[in-house]
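Observations on the model geometry
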Amino acid sequence: VDELFSILPFEVDFFKGHQYPIHYVGNPCVDAVDAFRKNHTETFGEFVSSNSLEDKPVIALLAGSRKQEIKDNLPDMLEAAKPFVGQYQLVLAGAPGIDPAYYQQYIGADVPVRIVFGQTYRLLAQAAVALVTSGTATLETALFRVPQVVCYYMAMGKLISFLRRHILKVKYISLVNLVANREVVRELVADGMTVENVRTELDALLNDSAYRNNMLQEYDRMIEILGPAGASRQAASKMIELLSIKKEK
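Residues numbered from 1 in each chain as written. Predicted model: local features only at pLDDT ≥ 70, side-chain atom pairs only at ≥ 80, totals over all residues. Heavy atoms only, no water.

1. Things to note about the overall build of the chain
Broken down by element type, the chain carries 12 helices and eight strands. Reported as C-alpha extents along the three principal axes, the dimensions of the chain are approximately 70 × 45 × 40 Å. Within the chain, buried positions represent 45% of all 249 residues. Counting contacts in the chain only where the partners sit at least 6 residues apart, residues at least 24 apart contribute 65% of the total. Taken as a whole, the chain presents about 13200 Å² of accessible surface, with 53% of it coming from carbon and sulfur. Computed over 26 positive and 29 negative side-chain charges, the separation of the two mean positions in the chain equals 4 Å. (Helix = DSSP H or I, 4+ residues; strand = E, 2+ residues; numbered from the N terminus. Buried < 20%, exposed > 50% of the residue type's maximum accessible area, 1.4 Å probe, protein only. Contact = heavy atoms within 4.5 Å. Areas by Shrake-Rupley, 256 points an atom, 1.4 Å probe, with all protein chains shown as cover. Lys, Arg positive; Asp, Glu negative; His and termini not counted. Charge placed at Lys NZ, Arg CZ, Asp CG, Glu CD.)

As structure tokens, this is what we get:
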């Protein structure tokens, strides 16, 4: 490898430690969210009206993009959010390639939830809080400054949690916490992913203003670490610069 270009700032120290010539160029998620915000000025009223939703604050559910993730996480997400239905409405971001009928088998009649497809950014732009299956979505949720709970069920949860504590060197699994290098959002993983734990965290985010505001402040610090939009342009410029230097030599 002559030059390495990274979209995650925490990778720089790691690769430098192994003598790789690495350059952090910014993160494409920052670019995508920035572009969306510049081109969308939709109000909450317009969003709910266009999707035939209620005029109540939204709890967004991002249950993953794979069938197994949806199967493992969505039922507990819905059960955890159940006590908040009435004051809030549950809106699920449908993943590309997943048939609406697949979701229905995990949605009980006692927990009303609406599904919207192809509108994840529109949903996050209007959500009060979000339950998010770990992945890129956690970073996007933070960039929209939506308080969140990271949820990721795993089979053999107790064993996975033991291995995570005693073998893995990485302290976190969500990109938000990895970038910030501290626990900004609560990660409910493996045996920690229970209905009671999710409900407790969701209640804190909705009703404890100090807790909620602290997360938003930490989001701002993380966003500063990621840097401004323009990752693709910065990567291209750096490549041209390095190639020009090499050509001169």
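2. Description of the nonpolar core
Membership of the largest hydrophobic core comes to 71 residues, with the highest contact counts inside it found for I59, L61, L74 and M222. Of the residues forming this core, the biggest block, six residues, is contributed by helix α4 (residues 67-81). (Core = buried A, V, L, I, M, F, W, Y, C linked by side-chain atoms within 4.5 Å.)

3. Considerations on helix α10 (residues 195-207)
Its 13 residues give α10 an end-to-end C-alpha distance of 18 Å, which sits within 8% of 18 Å, the value for a rise of 1.5 Å per residue. Turning to α10, its buried residues are V198, E201, L202, A204, L205 and L206. (Expected span 1.5 Å × (residues − 1).)

4. What to know about the state of the cysteines
Throughout the structure, instances matching the rule amount to zero disulfides. Of the cysteine sulfurs around C29, a residue in no disulfide, the closest is that of C151, at 19 Å. For C29, a relative accessible area of 11% gives the class buried. Look at C151 and you get buried, because its relative accessible area is 0%. (Disulfide = S-S within 2.5 Å.)

5. Some points on the side chain of S6
Position of S6 among the secondary structure elements: in strand β1 (residues 4-6). The exposure class of S6 is buried, given its relative accessible area of 2%.

6. Section: the sheet that holds strand β4 (residues 89-94)
What the six strands build is an open sheet, ordered β5-β4-β3-β6-β7-β8; its pairing is parallel. Each of the sheet's edge strands pairs with one partner strand only, and the pair in question is β5 (113-117) and β8 (186-189). With strand direction ignored, the average angle separating the axes of adjacent strands in the sheet is 25°. One ladder, built from five bridges, connects β4 with β5; its direction is parallel. Looking at the pairing, G94 lines up with F117 of β5. In the packing of α4 onto the sheet, contacts are made with β3 (58-62), β4, β5, β6 (127-133) and β7 (148-152), and the angle to β6 comes to roughly 145°. (Pairing = 2+ DSSP bridges. Axes fitted to C-alpha atoms, helices over the stretch in contact; angles between N-to-C directions.)

7. Things to note about the environment of K67
Relative to the helices and strands, K67 resides in helix α4. Along the backbone, K67 and Y102 are 35 residues apart, and their C-alpha atoms lie at a distance of 8.2 Å. Aside from chain neighbours lying at most four places away, what touches K67 is I98 and Y102.

8. Brief notes about the packing of aromatic side chains
Counted according to the given criterion, the structure contains seven aromatic pairs. With a centroid separation of 5.1 Å and 85° between ring planes, the pair formed by F14 and F15 is classed as edge-to-face. Residues Y102 and Y106 carry aromatic rings whose centres are separated by 5.3 Å and whose planes lie at 65° to one another, so their mutual orientation is edge-to-face. Like Y102, the residue Y106 is buried in the burial classification. Feature note: the residues F14, F15 and Y20 constitute an aromatic cluster, connected by ring pairs. (Phe/Tyr/Trp six-rings, centres within 6.5 Å; stacked < 30°, edge-to-face > 60°.)

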